[in-house]
Amino acid sequence: MEAAAVARPTRGRRILVRVILGLATVLLVVAIFAIWANRQLLNPDNWASTSTRLLVNARVRAALSNYLVAQLYQNVDVSGEIASALPPRLKPLAGPLSGALRNAAIEAAQRTLSTAQVQAVWRAANRAAAQTLVAIVEGGKGPVATNNGKVTLDLRSAINSLSSQLGLPSIGDQLPPAAGELLILDSKEIKLVQKGGNALRSLALALTIIVPLLFVLAMVLAAGRRRTILMDIGFMFILAGVLVLLGRVLLIHGIVNSLVRVEANKPAAGDVVSIATTELKEIADACIVVGIPFVLAAWFAGPMKWAVAGRRLIAPFMREHPAWAFGTVTIVMALIFIWQPIPATGTLAGVIVFLVLAFLGTEVLRQQVIRESSPGGASSGGTPSAPASAA
């Protein structure tokens, strides 16, 4: 009677398990966005790497080139500089030459932005802006105090490098304070960013603990149906990943359509948001990749004809050569780590977690096939034991 009670949980408990799974899935989606935002916005190294990838994009580089040339022409008397280098009779040509030089300057800017020197300057400027943002979130003033309470991306070094490429004098020290600076954060928004940044960090940490605990709780409450719940958890991971990928598409279109008014700038803006959310896509992909083995493991442990046949086929190997079984799993996992289908498989923590899960799953499967291949077990013509069906 007790075994039957375990195998058939009450209706109320089944509903509770479903509610827990639904809540965990919603929180998993939120966790993915929170983890991405925490890594992308509050990690200067990550943002510096992302910003470097931006310069590799042709449309982003073209838009930035137009901006740098516009800043150069607004703050340097290009016509005057050309006139000073021409003989008196040719000085009237300075104006037309200045206009013609503008198109050449845009092409030169794109070439300049492709050089390792300027990309290093761009990377350093983005890292400095990100470090300032982190300092604000952590409650310190840092560089903000010297920048009138604003967080900006300083591109004056890039403008100065472009000026040198065009044969114009070095103007870095002559530019007004606001020239070549892209405003990221205004002083009015600092308090909001402090609260939001701290909340974001806390949320990312809390959800990475709460979500796994909710899935474990569902497994504990689902005594007698744990194989089914294991498959459901796998599907929940896949569903969360798919929802985040769809949300990313909507996020890209929403940001571009709401913030970019000039139609010609929308493709470049879309590329910027797409590149900035690359890590979000990677985390979502990781959820899908993690969910698939859960589904396959639950299916293979189930009563389906092919699954039973598969377990019967590997039973002698799993029972008589456990070292070979674990060795095979180790080789497969090593190939996965070399392949690195998701970023987590390339980190030490990820390698440890996936190895532990793989070995644990292998041992659970080994114990199941041993039970089923024993006298009275499923593979010998008997009815599958309760522990096997609940695995």
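A.B. asks: I would appreciate a short explanation of the side chain of T277 in the present structure.
C.D. replies: Along the chain, the position of T277 falls in the loop between α11 (266-276) and α12 (278-300). On the accessibility criterion, T277 (2% relative accessible area) is buried. A polar contact is formed between the side chain of T277 and the backbone oxygen of S274, at a distance of 3.2 Å. In this view, T277 contacts W36, R248, L251 and I252; residues no more than four positions away in its chain are not counted.

A.B. asks: Would you take a moment to explain helix α14 (residues 322-339) for this structure?
C.D. replies: Given 3.6 residues to a turn, an α-helix orients residues that are three or four positions apart in the same direction. Under the 1.5 Å per step criterion, the end-to-end length of α14 is 26 Å for 18 residues, consistent within 8% with the ideal 26 Å. All of the buried residues along α14 are A325, V329, M333 and F337. Buried positions in α14, seen along its axis, are confined to an arc of 110 degrees and lie on one side of it. Across from the buried face of α14, at angles greater than 90 degrees, the exposed residues are A323, W324, I331, L335, I338 and W339.

A.B. asks: What is the right way to look at the side chain of S65 in this model?
C.D. replies: Mapped onto the fold, S65 is located in helix α4 (residues 58-75). In terms of polar contacts, S65 uses its side chain to reach the backbone amide nitrogen of Q110, at 3.4 Å. When neighbours within four sequence positions are excluded, S65 is seen to be in contact with I106, A109, Q110 and L113.

A.B. asks: Is there a simple way to explain the pattern of salt bridges in this structure?
C.D. replies: Pairing between side chains becomes possible if they bear opposite charge and their charged atoms approach one another. By the definition in use, this model includes 9 salt bridges. With a shortest N-O distance of 3.5 Å, E279 and R39 are connected by a salt bridge. A residue pair is termed long-range when its members are at least 10 positions apart, and E279 in helix α12 and R39 in helix α2 (residues 11-41) qualify at 240 residues. With relative accessibility at 39%, the residue R39 sits in the partly exposed group.

A.B. asks: Before we go on, may I ask you to explain the confidence of the model for the chain in this structure?
C.D. replies: As a note on interpretation, predicted positions should not be read in detail where pLDDT is low. Here the chain shows a mean pLDDT of 77. Residues at 70 or above account for 72%. Confidence over residues 1-6 falls short of pLDDT 50; this stretch has 2 contacts with residues more than four positions distant or in other chains.

A.B. asks: Please clarify how the environment of V260 should be interpreted in this entry.
C.D. replies: For V260, the position within the fold is in the loop between α10 (226-259) and α11. Residues V260 and G270 lie 10 residues apart in sequence; the distance between their C-alpha atoms is 9.5 Å. The residues contacting V260, other than those within four sequence positions of it, are I255, N265, K266 and A269.

A.B. asks: For this particular structure, what's the right way to read a nonpolar patch on the surface?
C.D. replies: The grouping of L205, I209, I210 and L213 at the surface amounts to a nonpolar patch, some 390 Å² of accessible area in total. Among the residues examined, L213 registers a relative accessible area of 55% and is labelled exposed.

A.B. asks: Would you explain the packing of α10 against α12 in this entry?
C.D. replies: Helices that pack against each other are described as a pair by the angle of their axes relative to one another and the distance between those axes. Contact pair α10 / α12: the axes reach a minimum separation of 7 Å and the direction vectors enclose 160 degrees. Comparing their axes, α12 and α10 come out roughly antiparallel. Remark: the crossing between α10 and α12 carries left-handed chirality. In the contact of α10 with α12, the residues fall into 18 nonpolar, 4 polar and 4 charged.

A.B. asks: I tried to follow the nonpolar core on my own but got confused; where do I start?
C.D. replies: Soluble globular proteins: nonpolar side chains tend toward being buried together. The biggest cluster of nonpolar side chains holds 35 residues, and the ones touching the most others in it are V17, L21, L28, I32, F215, I229 and F237. The leading source of residues in this core is α2, at 11 residues. Residues within four places of F215 in sequence aside, it is in contact with L21, A24, I233, M236 and F237. If you look at the next biggest cluster of nonpolar residues, it comprises 9 residues, including L113, V118, W122 and I275.

A.B. asks: Just checking my understanding: could you explain the packing of helix α3 (residues 44-56) against α11 for this structure?
C.D. replies: At a closest axis distance of 10 Å, the pairing of α3 and α11 adopts a crossing angle of 145 degrees. As α3 runs across α11, the sense of the crossing is right-handed. Every residue of α11 that contacts α3 at W47, T50, R53 and L54 is listed here: V272, I275 and A276. Looking at the contact of α3 with α11, its residues break down into 5 nonpolar, 1 polar and 1 charged.

A.B. asks: I'm lost on the environment of T112 in this one. Help?
C.D. replies: Along the chain, the position of T112 falls in helix α6 (residues 94-113). For T112, a relative accessible area of 3% corresponds to the buried category. Each C-alpha atom of the pair T112 and R61 lies 10.0 Å from the other, and the pair is 51 residues apart in sequence.

Quick notes on the rules
- Residues numbered from 1 in each chain as written.
- Predicted model: local features only at pLDDT ≥ 70, side-chain atom pairs only at ≥ 80, totals over all residues.
- Heavy atoms only, no water.
- Helix = DSSP H or I, 4+ residues; strand = E, 2+ residues; numbered from the N terminus.
- Buried < 20%, exposed > 50% of the residue type's maximum accessible area, 1.4 Å probe, protein only.
- Polar contact = N/O pair within 3.5 Å; in protein donor to acceptor, adjacent residues only side chain to side chain.
- Contact = heavy atoms within 4.5 Å.
- Expected span 1.5 Å × (residues − 1).
- Arc of directions from axis to C-beta.
- Salt bridge = Lys/Arg side-chain N within 4 Å of Asp/Glu carboxyl O.
- pLDDT = per-residue confidence, 0-100.
- Patch = residues over 30% accessible without salt bridge, like charges linked within 9 Å, V, L, I, M, F, W, Y side chains within 5 Å.
- Areas by Shrake-Rupley, 256 points an atom, 1.4 Å probe, with all protein chains shown as cover.
- Axes fitted to C-alpha atoms, helices over the stretch in contact; angles between N-to-C directions.
- Parallel < 35°, antiparallel > 145°, perpendicular 65-115°, else oblique.
- Left-handed = near helix turned anticlockwise from the far one by under 90°.
- Nonpolar A, V, L, I, M, F, W, Y, C, P; charged D, E, K, R; others polar.
- Core = buried A, V, L, I, M, F, W, Y, C linked by side-chain atoms within 4.5 Å.

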